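The residues making up each chain are set out below.
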Amino acid sequence: MKQDIPWNRYTAESIVIVASILLAFAIDAWWEERGERAAEQILLENLLSDFKETEEILEVELPRYAQQKEWALS
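Residues numbered from 1 in each chain as written. Predicted model: local features only at pLDDT ≥ 70, side-chain atom pairs only at ≥ 80, totals over all residues. Heavy atoms only, no water.

1. Let's talk about the packing of aromatic side chains
The geometry of two aromatic rings is summed up by the distance between their centres and the angle between their planes.
Move 1: Under the counting rule described, the total for this entry stands at 2 aromatic pairs.
Move 2: Measuring from centroid to centroid gives 6.3 Å for Trp7 and Tyr10, while their planes differ by 85°, and the two rings are edge-to-face. Of this pair, Trp7 and Tyr10 are both found in helix H1 (residues 7-73), 3 residues apart, which corresponds to roughly one turn of the helix.
Move 3: Given a relative accessible area of 56%, Trp7 falls into the exposed group.
Move 4: The partly exposed category is assigned to Tyr10, whose relative accessible area is 42%.
Move 5: Taking the centre distance of 5.8 Å and the plane angle of 55° together, the rings of Trp30 and Trp31 count as tilted. Each member of the pair Trp30 and Trp31 is classed as exposed. (Phe/Tyr/Trp six-rings, centres within 6.5 Å; stacked < 30°, edge-to-face > 60°. Helix = DSSP H or I, 4+ residues; strand = E, 2+ residues; numbered from the N terminus. Buried < 20%, exposed > 50% of the residue type's maximum accessible area, 1.4 Å probe, protein only.)

Listed below in structure tokens is the structure:
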């Protein structure tokens, strides 16, 4: 009783399994990178907001400090 082993079928199934695992890794890496980019975008938007707020404060305060410096030096 000799059984024929369907090597072609096993090979094809193995290739499909390996390909699906590689695809899952690629999707996972893409998803993680996408999340990192979204987090970076939020951080950059927050930094821009902070810089604008600081610029507004400096526009008000720098002339006052310049005037105080003139008074101190005279």
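Having seen the structure, we can now continue with the description.
2. Considering the pattern of salt bridges
Move 1: The tally for this structure, following the rule as stated, stands at 4 salt bridges.
Move 2: The shortest N-O distance in the salt bridge between Arg9 and Glu13 comes to 2.9 Å. Of this pair, Arg9 and Glu13 both sit in helix H1, 4 residues apart, which is roughly one turn of that helix.
Move 3: Between Glu33 and Arg37 there is a salt bridge, and its shortest N-O distance comes to 3.7 Å. Of this pair, Glu33 and Arg37 both sit in helix H1, separated by 4 residues, roughly a single helical turn.
Move 4: Residue classification places Glu33 among the partly exposed residues on the basis of a relative accessible area of 42%. (Salt bridge = Lys/Arg side-chain N within 4 Å of Asp/Glu carboxyl O.)

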